[in-house]
Amino acid sequence: MGIRALFDEQQIHQYDVGRTTVKVRRRKLKKLLDAIYRYSDEIKRASYLDQGKPELEVLTTEIYQITSEIKKARRDLSEWMDKQTVGTPISLLGASSYFRYEPKGVCLIISPWNFPFNLSFCPLVSAIAAGNTAIIKPSENTPHASSLIKKIVEDIFSENEVAVVEGGIESSTELLKLPFNHIFFTGSSAIGKIVMKAAAENLSSVTLELGGKSPTIIDETANIQNAAKRTAWGKFMNNGQICIAPDYVFVHEKKKDAFIKELKKSLQTFYGTRIEENEDYSRIVNEHHHARLESYLDDTEKRKLEFIQKGQIEKSNRLIEPTIVEAPKADSALMKNEIFGPILPIFSYSDINSVIDQINQVEKPLALYIYSDSSKNCDYIIQNTRAGGTVINNNNIQFSNGNLPFGGVNNSGIGKSHGFFGFAEFSNARAVMKQHIGLTLFAFMPPFKKWKIKIAELVVKWF
């Protein structure tokens, strides 16, 4: 079925889907949950073939994220779908008010290549919970994952409810011309702007899960061993190809040497001395992104900047080993771009206000991480910066808490996802008021006598 025909089928079917009960939607989510369990070995295999991902990372960053999202939605769906009663001002005496979440309709989910299963199926969970139909466009950069996503969806859903469209830029372009009721996009800020422009042509609402340069601050009170180990884990998981990975680090000058020592120690513990033979270390997704990262390192060398640790680079198997760079300049390739790879710039500081100034001079990040044992320092940093989310004394873990809203701000994203916030993103909060009695309203209808004006003045003053 062609893309336009597929969209038309879902558009026709959207109201049947939208009328489904809690019980029916829970049943659909259970089918998806069972399918994820059933296809888990194939998910692991596809992830390895596309990106060399180790099994444990696939279990925790792909499969677990989907299953936990489904379980939460099934558990809380009845509460989410209930009408939400709200108060009515006394000036509208005699009326009652509530709102309810209704489906937006036909939705488009454009997912990226770094976590293709997680970032295709988690938004789908929210779309299904909210009562929508959906078309998923997975990334062509991970063909094994894309093919398997299509296979899983076709196994449990009819095309007029959930479908997958594969292909490259041409498919995405054709999809974005259609008047979807909502578009959920995960990817770079540059492509997010293209998606938002296309959505504007049809006044489609959007959720943009983007990225940016997420800083880490390690102050003089921090537990350096924990900070180093957790930063190494969060940065070099999936070879640094994570939108919420620490992009660069500010460490207090008193703790810098100790941090670097512990960071190197953690990397050796994680991956050993022969990383090219280590199956726990992922690979860069394709030659294009390998070349992009290599160009950042070439720029670093041309500028004669110091490599604290320079990893081995092998184009043939898309390997870039963990690399640490000393304080690159603001106009360097490493600092002008989201790195999205296993390269970590490190800066030292003495005054926290200088760090805050540097963070606030660039786009608001998706995440900001703080390592500190001082509540006062943490509060000060949070109050004086802006970010999509913050974790204190760890990194990356905010994504796994379905009770928190996940998303960026401005350049790092628009809208929120996960749990209730994902359900709400795929829903329209429809306001409903019912008039029972209310003589006060007649006082505001023509003809506007003087006594009516007096009543209006009293309402303005007292209510």
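Refer to the structure presented above.
Residues numbered from 1 in each chain as written. Predicted model: local features only at pLDDT ≥ 70, side-chain atom pairs only at ≥ 80, totals over all residues. Heavy atoms only, no water.

### Quick notes on the side chain of serine 146
Note the following rule: A run of DSSP states H or I qualifies as a helix once it reaches four residues; a run of E qualifies as a strand once it reaches two. Both are numbered from the N-terminal end. Exposure is judged per residue with a 1.4 Å probe applied to protein chains only, and the accessible area is read against the type maximum: over 50% gives exposed, under 20% gives buried, and values in between give partly exposed. The contact definition used throughout considers only heavy atoms, calling two residues in contact when any of these lie within 4.5 Å.
If you trace the backbone, serine 146 turns up in helix H6 (residues 143–156). The class of serine 146 is buried, set by a relative accessible area of 4%. Sequence-distant contacts of serine 146, that is, excluding residues within four places in its chain, are made with Pro138, Ser139 and Glu166.

### Examining the pairing of strand S13 (residues 323–326)
Just so we agree on the cut-off: Pairing between two strands requires that DSSP report at least two bridges joining them.
Residues Thr323 and Val325 line one face of S13 and the alternating positions Ile324 and Glu326 line the opposite face, and both faces are buried. Taken together, the two bridges between strand S10 (residues 307–309) and S13 define a ladder with antiparallel strand orientation. Across the sheet, the residue bridging to glutamine 309 is isoleucine 324, located in S13. Two strands pair when backbone bridges link them, and S13 and strand S14 (residues 343–349) are joined in this way by four bridges, in the parallel orientation. Bridged to isoleucine 324 within S14 is leucine 344.

### Some thoughts on the pattern of salt bridges
What counts here: Whenever Lys or Arg places a side-chain nitrogen within 4 Å of a carboxyl oxygen from Asp or Glu, that contact is recorded as a salt bridge.
Scanning the entire structure with this criterion turns up 22 salt bridges. A salt bridge links lysine 28 to glutamate 161; its shortest N-O distance comes to 2.6 Å. Of the two residues, lysine 28 is situated in helix H2 (residues 22–38) and glutamate 161 in the loop between H6 and strand S5 (162–164); the sequence distance between them amounts to 133 residues. Classification of glutamate 161 by relative accessible area gives buried; the value is 11%. Lysine 44 is the partner of glutamate 55 in a salt bridge, and the nearest nitrogen-oxygen pair spans 3.0 Å. Of the two residues, glutamate 55 is situated in helix H4 (residues 55–81) and lysine 44 in helix H3 (residues 40–51); the sequence distance between them amounts to eleven residues. Taking relative accessible area as the criterion, lysine 44 reaches 17% and is therefore assigned buried. The network of salt bridges with common partners includes Asp41, Lys44 and Glu55.

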